[in-house]
Every structure is written in structure tokens, then in C-alpha cells.
Amino acid sequence: MADKIVKAVKKTAKKAEARVHETKEKIAAAKNPTASKVNSNKLELLVTIVPSPKAEFYTDLLSSYEVNFQFTSRAHGTANADMWSISDFSDQSKTVIFSVIKQERVQEALAMLDKKFATIKRGKGIAFTVPFSSVIGVATYGFLSNNKTIRENKQ
């Protein structure tokens, strides 16, 4: 009987502690609305590997998904001749497009890329994302997230 009471008390204490933590976060967000806005939208790095002749097309296409920062890099495949014979890739010159995109836009951008990879002649590619764990500076975040309303608090 005593074990049940102890378990119930511990469970109630954990719930109360969680509520206190949640309330403290709400108070902190109310005191600094810019900070809560900054943390609400996470960013991801979208890596897209496409044939070099199609790189500009895909870069322009991705910019319509609120991608404010992109850079490209020439690449060359490492697959051997046996792998090339079974794949759809005929040219080994590739371009890697690195794009910073809001997490909420990732699914629709990947769906669009998947559709384009399937329908564009000689436009097949690979795309994946890597989540950002943090960004240093409010202004940097504002630029990368294409959010012009975020301003750094100067005290």
C-alpha cells in the first residue's frame, strides 16, 4: 500500500514540475517575444545532388520555397563502371546544391523535387535534409530563415 502511495506522489510531483517548467517558459517568452519567435521556426540544410546542366534550374526552383541562402559546388561521382551501367546517370559531372530552408517547408520542397526528378529528362537527382541544431545570432537566423521582421535587441 505504501509503495502505491509513494508512486502516486512521485507521479504527481513530476507533473507539477513539468507545469512549473512550462509556465516559466511562457513567462520568458512573454518577456522577450523576439526570442520565442526565433525558436519557433527551425531550419534545415537541404542537400540536392543533380546533373550539372540542371543545377541552375533546381536552384531557381528551390528559391520559391523561401530559401534565402544557397550555394553550389561542382562534384564528381565515385561509382565504378559497373554501378554506372545499372543506374540512370549517364554523365558523372554533378552539382551539389546546399540550401537553408525552414523546417515547415521541407516536405513540400522534397515532394516537388521528387516529382521533378521523375519527370525532367536527364534531371534525376538525390535530395536529403540535415537539421540545424543551432544558429548563432538573431540577425543570422533572420537572414537564413528569410524573415525580415526579426531584429536583434540592443540594450
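See the structure above.
What counts and what doesn't
- Residues numbered from 1 in each chain as written.
- Predicted model: local features only at pLDDT ≥ 70, side-chain atom pairs only at ≥ 80, totals over all residues.
- Heavy atoms only, no water.
- Pairing = 2+ DSSP bridges.
- Helix = DSSP H or I, 4+ residues; strand = E, 2+ residues; numbered from the N terminus.
- Axes fitted to C-alpha atoms, helices over the stretch in contact; angles between N-to-C directions.
- Contact = heavy atoms within 4.5 Å.
- Buried < 20%, exposed > 50% of the residue type's maximum accessible area, 1.4 Å probe, protein only.
- Salt bridge = Lys/Arg side-chain N within 4 Å of Asp/Glu carboxyl O.
- Phe/Tyr/Trp six-rings, centres within 6.5 Å; stacked < 30°, edge-to-face > 60°.

Draft legend 1. The arrangement of the sheet that holds strand S2 (residues 69–76) in detail. Ordered in space as S2-S3-S1-S4, the four strands form an open sheet in which the pairing is antiparallel. Of all the strands in the sheet, just S2 and strand S4 (126–131) have a single pairing partner and so form its edges. Ignoring which end each strand starts from, the neighbouring axes of this sheet average 20 degrees apart. By the bridge criterion, eight bridges tie S2 to strand S3 (residues 93–102) in an arrangement that is antiparallel. If you follow Ser73 over to S3, its bridge partner there is Val96. Where helix H3 (residues 55–63) meets the sheet, its contacts fall on strand S1 (43–51), S2 and S3, and the angle it forms with S3 comes to roughly 5 degrees.

Draft legend 2. Highlighting the pairing of S3. Counted residue by residue, S3 has eight buried out of ten residues, so it is predominantly covered. When S1 meets S3, the two strands line up antiparallel, connected through nine bridges. Bridging from a neighbouring strand, Val50 pairs with Thr95 of S3.

Draft legend 3. The arrangement of the pattern of salt bridges in detail. Counted by the stated rule, this structure contains three salt bridges. In this structure, Lys102 and Glu66 form a salt bridge, with 3.1 Å as the shortest nitrogen-oxygen distance. Here the residue Lys102 occupies a position in strand S3, and Glu66 occupies one in the loop between H3 and S2, the gap between them amounting to 36 residues. For Lys102, a relative accessible area of 9% translates into the label buried. Relative accessible area serves as the criterion here: at 28%, Glu66 is assigned to the partly exposed category. Of the charged contacts, one joins Arg105 and Glu108 as a salt bridge, the two residues approaching to 2.6 Å between their closest N and O atoms.

Draft legend 4. Just the packing of aromatic side chains, in detail. If you walk through the whole model with that rule in mind, you get four aromatic pairs. Aromatic pair Phe57 and Tyr58: ring centres 5.2 Å apart, planes at 75 degrees, arrangement edge-to-face. Overall, Phe57 belongs to the partly exposed group, its relative accessible area being 37%. Here Phe71 and Phe98 contribute two aromatic rings whose centre-to-centre distance is 4.8 Å and whose plane-to-plane angle is 20 degrees, an arrangement assigned as stacked. Note that Phe71 is positioned in strand S2 and Phe98 in strand S3, a separation of 27 residues in sequence. An aromatic cluster is built from Phe57, Tyr58 and Phe117, whose rings are joined through pairwise contacts.

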